[in-house]
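Examination of the molecular architecture
Single-letter residue listing:
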Amino acid sequence: MSASVFIGTSLDGFIARHNGSFDFLPVGGGEPHGYEEFFASVDALVIGRKTFEVVLACPEWPYGDKRVVVLSSRSMDLSGVRGANVEQMSGAPTEIVAKLAATGAHHLYIDGGITIQEFLRAGLIQRLIITRVPVLIGEGIPLFGKLPHDVKLRHMSTQQYASGLVKSEYHVA
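Only a predicted model underlies this, so the values are computations on that prediction, with no experimental measurement involved. (Residues numbered from 1 in each chain as written. Predicted model: local features only at pLDDT ≥ 70, side-chain atom pairs only at ≥ 80, totals over all residues. Heavy atoms only, no water.)

**Re the environment of G104**
Considering the arrangement of structural elements, one finds G104 in the loop between α3 (93-102) and β6 (107-111). What makes G104 partly exposed here is its relative accessible area of 38%. Taking the C-alpha atoms as reference, G104 lies 34 Å from G13; in sequence the two are 91 residues apart. (Helix = DSSP H or I, 4+ residues; strand = E, 2+ residues; numbered from the N terminus. Buried < 20%, exposed > 50% of the residue type's maximum accessible area, 1.4 Å probe, protein only.)

Below, the structure is given as structure tokens:
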């Protein structure tokens, strides 16, 4: 089982404003920078409840029929997400990975600030793809939080795009 992160941040490291808005990110993701190819490579998206609620406000469901697992310890009504393959799970990241592996998932896309931080602390993320947007927003929800120890990364590649986006890929060493 492998788990990857593909996320956009402001240059100062925030994935969203405090209210959950990511209005500083380019509309539609900007020019193609590998997201579609990445998304096609994953079996399931594991997303935190707060991020899921932000996505629900989007005019169109962005994940097609991809399996989406929403993490929340509170009961959720998912009936409003028509035509989507959405389910809820709760538990420690290791339990979530074990449950998904048991159903045949091999590559997970981890999304949402708290969710990414928890999976990273648990040592379950192998790959980080971070696209930095050339904007400083000053404050918001940081991509990374406290860690029990250093997480050493190996730089794999960096690409820059005409719009100013800079995408870097790292593997956890």
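Let us keep going from here.
**Considering helix α2 (residues 49-56)**
Those residues of α2 that sit buried are R49, F52 and V55. Summarising the axial view, the buried residues of α2 lie within an arc of 115°, below the 170-degree limit, and thus occupy one face. Considering only its buried residues, α2 is in contact with β3 (44-48), β4 (67-71) and β5 (85-89). (Arc of directions from axis to C-beta. Contact = heavy atoms within 4.5 Å.)

**A few points about the pattern of salt bridges**
Evaluation of the coordinates by the stated rule reveals four salt bridges. Residues E169 and R127 are paired through a salt bridge, measuring 3.0 Å at the closest nitrogen-oxygen approach. With E169 in strand β10 (residues 166-172) and R127 in strand β7 (residues 127-133), this pair connects stretches of sequence that are 42 residues apart. The class for E169 is buried, based on a relative accessible area of 17%. Residue classification places R127 among the partly exposed residues on the basis of a relative accessible area of 24%. (Salt bridge = Lys/Arg side-chain N within 4 Å of Asp/Glu carboxyl O.)

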